[in-house]
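Reading the structure
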Amino acid sequence: MLTCILPHFQKRSAEGKESTVTMITSGLSLVPLPTVPNYCATKAALHSFTVSLRVMLRASGSRVRVAEVSPPLVESELHDPYGTTERLSKHWMFLDEFIRQVMPPLLSGEENIPIGNSKGWWERFGEGAKEELARARLAGRRGENS
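A short tour of the structure in this document, coming up. (Residues numbered from 1 in each chain as written. Predicted model: local features only at pLDDT ≥ 70, side-chain atom pairs only at ≥ 80, totals over all residues. Heavy atoms only, no water.)

**As for the overall build of the protein**
Along the backbone of the protein there are six helices and three strands. The N-to-C order of helical and strand elements in the protein reads α-β-α-β-α-α-β-α-α. (Helix = DSSP H or I, 4+ residues; strand = E, 2+ residues; numbered from the N terminus.)

Written out as structure tokens, the structure reads:
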């Protein structure tokens, strides 16, 4: 989907307009849960892709923002077919609370938006350091100083 929409966003950027790509990852992209390894691995891959895309677009001067929302377990009927709703509902954040917490930073232009327990994991594992390193590596590949 991004392959289809990014050219449109890039065109808007060239016209001086901002656009935002919003990726939904998970706190489990940073701290995996062994009982759901495939989920954790795909969210970790999306997180890595998000960091790289953000750095590449910034380096090119693009006005396309790349935001990453990292929610905790959120109330959802997606768990119903697996019979886990009752068990998980003791641990999840209610959807209205998630929306209340995610919308202000998303609308204000923040790019890293961890919610709930994800926030502590983001702070602990230094997400800013990953972006700084990615920028330095990109600059090094281009023969620039970091």
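**Topic: the pattern of salt bridges**
Two side chains of opposite charge can pair, provided their charged atoms sit close to one another. Scanning the model with the defined rule gives five salt bridges in all. Between E15 and K17 there is a salt bridge whose closest N-O contact spans 3.6 Å. By relative accessible area, which is 46% here, E15 ends up partly exposed. Here E18 and R63 are joined by a salt bridge, their closest N and O atoms 3.4 Å apart. In this pair, E18 is assigned in the loop between α1 (2–14) and β1 (19–24) and R63 in the loop between α2 (37–59) and β2 (64–70), connecting sequence segments 45 residues apart. With a relative accessible area of 36%, R63 lands in the partly exposed category. Taken together, the salt bridges that share partners define one network made up of R54, R58 and E111. (Salt bridge = Lys/Arg side-chain N within 4 Å of Asp/Glu carboxyl O. Buried < 20%, exposed > 50% of the residue type's maximum accessible area, 1.4 Å probe, protein only.)

**What to know about the packing of α1 against α2**
One can describe the packing of α1 onto α2 by two numbers: an axis separation of 14 Å at closest approach and a directional angle of 25°. Put simply, α1 runs roughly parallel to α2. Here α1 and α2 pass one another in a crossing that is right-handed. Where α1 approaches α2, its residues L2, L6 and Q10 are matched on the opposing element by F49, L53 and L57. Of the residues contributing to the contact of α1 with α2, the split by class is five nonpolar, one polar and no charged. (Axes fitted to C-alpha atoms, helices over the stretch in contact; angles between N-to-C directions. Parallel < 35°, antiparallel > 145°, perpendicular 65-115°, else oblique. Left-handed = near helix turned anticlockwise from the far one by under 90°. Contact = heavy atoms within 4.5 Å. Nonpolar A, V, L, I, M, F, W, Y, C, P; charged D, E, K, R; others polar.)

**Observations regarding the pairing of β1**
What you see with β1 is a clean split: S19, V21 and M23 sit on the buried side and T20, T22 and I24 on the side with no burial. Across six bridges, β1 lies against β2 in parallel orientation. Each residue of the ladder has a partner; that of V21, found in β2, is V66. In this view, the connection linking β1 to its parallel neighbour β2 by way of α2 has right-handed handedness. (Pairing = 2+ DSSP bridges. Right-handed = clockwise from strand over helix to strand, strands pointing away.)

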